[in-house]
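# Inside the fold
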Amino acid sequence: MGKTLLEFQSNKGDVLPAHKFGTHDVVVLRPNKADIGSPALGQGVVYRLKDSSITVAFDDIPEEGLNSPLRLEKVANEVTYRRMKDALIQLSKGVQKGPAADLVPVLFGERLPAVAKKDVTFSPFNSNLDHSQKEAISKALASKNVFLLHGPPGTGKTTTVVEIILQEVKHGSKILACAASNIAVDNIVERLARHRVKLVRLGHPARLLPQVLESALDAQVLRGDNSSLANDIRKEMKALNGKLLKTRDKNARRDIQKELRTLSKEERKRQQLAVTDVIKNADVVLTTLTGAVSRKLENTSFDLVIIDEAAQALEIACWIALLKGSRCILAGDHLQLPPTIQSVEAEKKGLGRTLFERLADMYGNDVMSMLTVQYRMHELIMNWSSKELYNSKIKAHSSVAAHVLYDLEDVKKTSSTEATLLLIDIAGCDMEEKKDEEESTLNEGEAEVAMAHARRLVLSGVQASDIGIITPYNAQVVLLKMMKSNEDKLKDMEISTVDGFQGREKEAIIISMVRSNSKKEVGFLSDRRRMNVAVTRARRQCCLVCDTETLSSDGFLKRLIEYFEEHGEYASASEYINE
């Protein structure tokens, strides 16, 4: 798509230090010694992240300066900030007209949501839907203003969203489907692309998954009639430019220039028409929430706005999309992690409270349906979360309820692979936590133990790519990655913060809890949403490495430990030291 990729590595060693870069972040490149305000060598988008390198997509490759040490700076995405602010200003003025005029009062509790009197029956495109998914879809199709799809971990939320989109398209609706992250949008694009749906994905090509590029606006525009007309005009302009260079006569030159101006105008018009055509013909337009403000959608309104992962999106970002439609469906889980808010003051004033959570509290089951069959976890892993957070309503599908690690191909039944739940206790093993320069907490002894268990799993035949180590603390992630860089057998094992792993899963998950101190301080481990995400990433085995004495000072964590002790295996960290 005409971008240049540059890969950057650390000049100090293999593993990059702790950083906050994510794929799709906007970054600027400067010489390492340059002052903060000095001109940048270039600006690009993070394309790929590895433990030891960052790849950035640039529109134009920097001419010089690439041979000396460089630094990358993350740019606060001005555009995103401005778009959210504009949406806020628009809302504060009151939305009297436009597609969302009747929706706004419902979402602010000034008017009750309306529902169709009788249930909507439908014949599913997907023949494998379970009873809770069908019920939710039926309720969604019957909603007149707003519907919340509550999807606990592993319950097939996106599968349900895709079915709702297909049903709505069948009824002739034009749909705007959004999510906060590019990857979540692409996930829907990929699943919809298998069906014959006219869809278009808006967004910067470097931010899209390669497999959805066919659906991208740029690619579709190039295939359109108006675009080939624009192309013909460009060829004509090229020929005229050639003629202009050879012409000496003033009047003839003036005529040619005039014609060039006319053609240039026509070419621009054709390009815009090509874009408008694609959007007009699409049944489903897909974009991130902040992408929904795109000028390309300026005069387009939608019958339905669907937001996936809505419980991970700022409310104000949701409004950018919501103002374009008369009905909305939000899918998410407010009992998993909310969006990260950097400012403590903004958090206090409610920026961290999502629209999904607000509506769930305001209208509850009148507008909400919860999916109750999960397709990821062994039931012992699931039961803790079901009981602690979902009123014991979640059931494990028979295909996963009893699956264990040693059912996997080439995995032997050993003491390491046998347990579904494993608690490795570092209490009394002299493994105190420490702080790094950034004041993030780490625990070297505990990291060793987590790596030792991962090694045992690999020795028993588990693929390293089926194992994930997650931890709430950034410093612990860096430490674990440094340990991993020396071990070839573990190179495909993923290590991440809990927050960074939301929406993902692995056959075996090892959770390093880090906190171990005489004051029994647990910090943000006591956030039940974070622990819910951590435990429910695991399909066949969940291993908790922690100091039970420190953690038992908190009631919620004490119940988690007791659950693992009662339903799983218990081991002391001393059995894993010096491996």
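If you check an unreviewed UniProt entry, the chain appears there as DNA helicase from Morus notabilis. Under the UniProt heading Sequence similarities (unreviewed entry), the entry covering the chain gives this text: "Belongs to the DNA2/NAM7 helicase family."

A word on the overall build of the chain. The secondary structure content of the chain amounts to 18 helices and 22 strands. C-alpha extents for the chain along the principal axes are approximately 95 × 70 × 50 Å. A buried classification covers 53% of the 579 residues belonging to the chain. Of the roughly 28,600 Å² of accessible surface on the chain, a fraction of 47% belongs to carbon and sulfur atoms. Across the chain, the mean location of the 81 positive side-chain charges is 9 Å away from that of the 80 negative side-chain charges.

Quick look at the packing of helix α4 (residues 157-170) against helix α5 (residues 182-192) now. Two elements in contact, α4 and α5, have axes whose closest approach is 10 Å; the angle formed by their N-to-C orientations is 55°. Classified by the angle between their axes, α4 and α5 sit oblique to one another. As for the relative orientation of α4 and α5, their crossing is right-handed in sense. Where α4 approaches α5, its residues T158, T159, V161, V162, I165 and L166 are matched on the opposing element by I188, R191 and L192.

Together, D232, E236, D249, D255 and E259 make up a region of like negative charge exposed at the surface. For the negative patch, the secondary structure elements donating two or more residues are α7 (225-246) and α8 (250-281). Summarising the element assignment, D232 is placed in helix α7. Under the relative-accessibility criterion, D232 is labelled partly exposed at 42%.

Read across the sheet, seven strands follow the order β8-β9-β7-β10-β11-β6-β12 without closing on themselves; strand pairing throughout is parallel. Whereas interior strands pair on both sides, the edge strands pair on one side only; in this sheet they are β8 (199-201) and β12 (368-370). On average, each strand axis in the sheet is tilted by 15° relative to the strand beside it, whichever way the strands run. Relative to β12, strand β6 (residues 146-150) runs parallel, the two sharing three bridges. By the bridge assignment for β12, H150 is matched with M370. Across the sheet, helix α3 (residues 131-142) touches β6, β11 (328-332) and β12, and the angle it forms with β12 is around 170°. Here α4 sits on the sheet and contacts β6, β7 (175-179), β9 (284-288), β10 (304-308) and β11; the angle it forms with β10, its principal contact strand, is near 170°.

Let us now look at the pattern of salt bridges. Under the definition given, this model contains 27 salt bridges. Residues R353 and D361 are paired through a salt bridge, measuring 3.1 Å at the closest nitrogen-oxygen approach. Three or more residues are tied together by salt bridges with common partners; here these are R376, E505, E507, R539 and R540.

The next subject is helix α1 (residues 78-92). An ideal rise of 1.5 Å per residue puts 21 Å on 15 residues; α1 measures up with 21 Å between its terminal C-alpha atoms. Among all positions in α1, only M84, A87 and L91 are buried. Seen end-on, α1 carries its buried residues on one side only, within an arc spanning 60°. Across α1 from its buried face, at more than 90 degrees, point the exposed residues Y81 and S92.

Right, let's get into the sheet that holds strand β22 (residues 569-572). In any sheet, the strands associate via hydrogen bonds between backbone groups, in a parallel or an antiparallel arrangement. The strand order across the open sheet built from six strands is β19-β18-β20-β21-β15-β22, with neighbouring strands paired in parallel fashion. In the strand order of this sheet, the two ends are held by β19 (494-497) and β22, each with one partner. Each strand axis lies, on average, 20° off the axis of its neighbour in the sheet, ignoring direction. Lying over the sheet, helix α12 (residues 379-389) contacts β15 (421-425) and β21 (538-546), oriented at roughly 65° with respect to β21.

The subject of this paragraph is the packing of aromatic side chains. A full pass over the atoms with the stated rule returns four aromatic pairs. With a centroid separation of 6.4 Å and 75° between ring planes, the pair formed by F8 and F58 is classed as edge-to-face. Linking F8 in strand β1 (residues 4-9) with F58 in strand β4 (residues 53-58), this pair joins segments that are 50 residues apart in sequence. The buried category is assigned to F58, whose relative accessible area is 0%. Here W384 and F556 contribute two aromatic rings whose centre-to-centre distance is 5.9 Å and whose plane-to-plane angle is 45°, an arrangement assigned as tilted. Of this pair, W384 sits in helix α12 while F556 is found in helix α18 (residues 555-567), placing the two residues 172 residues apart along the sequence. Just above the ring of Y576 sits the side chain of R456; from NZ or CZ to the centre is 3.9 Å. Taking NZ or CZ as reference, R530 lies 4.1 Å from the ring centre of F524, over its face.

Buried residues dominate β21, accounting for nine of its nine residues. Strand direction decides the pairing type here: β15 and β21, joined by five bridges, are parallel. Across the sheet, the residue bridging to L421 is C542, located in β21. As defined by bridge partners, strand β20 (residues 506-512) adjoins β21 across six bridges and the pair is classed as parallel. Bridge assignment links K506 to a residue of β21, and that residue is A538. A crossover links β20 with its parallel partner β21, the connecting element being helix α16 (residues 528-535), and its sense is right-handed.

Procedures and definitions
Residues numbered from 1 in each chain as written. Predicted model: local features only at pLDDT ≥ 70, side-chain atom pairs only at ≥ 80, totals over all residues. Heavy atoms only, no water. UniProt positions renumbered as here; feature names shortened; annotations may be inferred. Helix = DSSP H or I, 4+ residues; strand = E, 2+ residues; numbered from the N terminus. Buried < 20%, exposed > 50% of the residue type's maximum accessible area, 1.4 Å probe, protein only. Areas by Shrake-Rupley, 256 points an atom, 1.4 Å probe, with all protein chains shown as cover. Lys, Arg positive; Asp, Glu negative; His and termini not counted. Charge placed at Lys NZ, Arg CZ, Asp CG, Glu CD. Axes fitted to C-alpha atoms, helices over the stretch in contact; angles between N-to-C directions. Parallel < 35°, antiparallel > 145°, perpendicular 65-115°, else oblique. Left-handed = near helix turned anticlockwise from the far one by under 90°. Contact = heavy atoms within 4.5 Å. Patch = residues over 30% accessible without salt bridge, like charges linked within 9 Å, V, L, I, M, F, W, Y side chains within 5 Å. Salt bridge = Lys/Arg side-chain N within 4 Å of Asp/Glu carboxyl O. Pairing = 2+ DSSP bridges. Expected span 1.5 Å × (residues − 1). Arc of directions from axis to C-beta. Phe/Tyr/Trp six-rings, centres within 6.5 Å; stacked < 30°, edge-to-face > 60°. Lys NZ or Arg CZ within 6 Å of the ring centre and 35° of its normal. Right-handed = clockwise from strand over helix to strand, strands pointing away.

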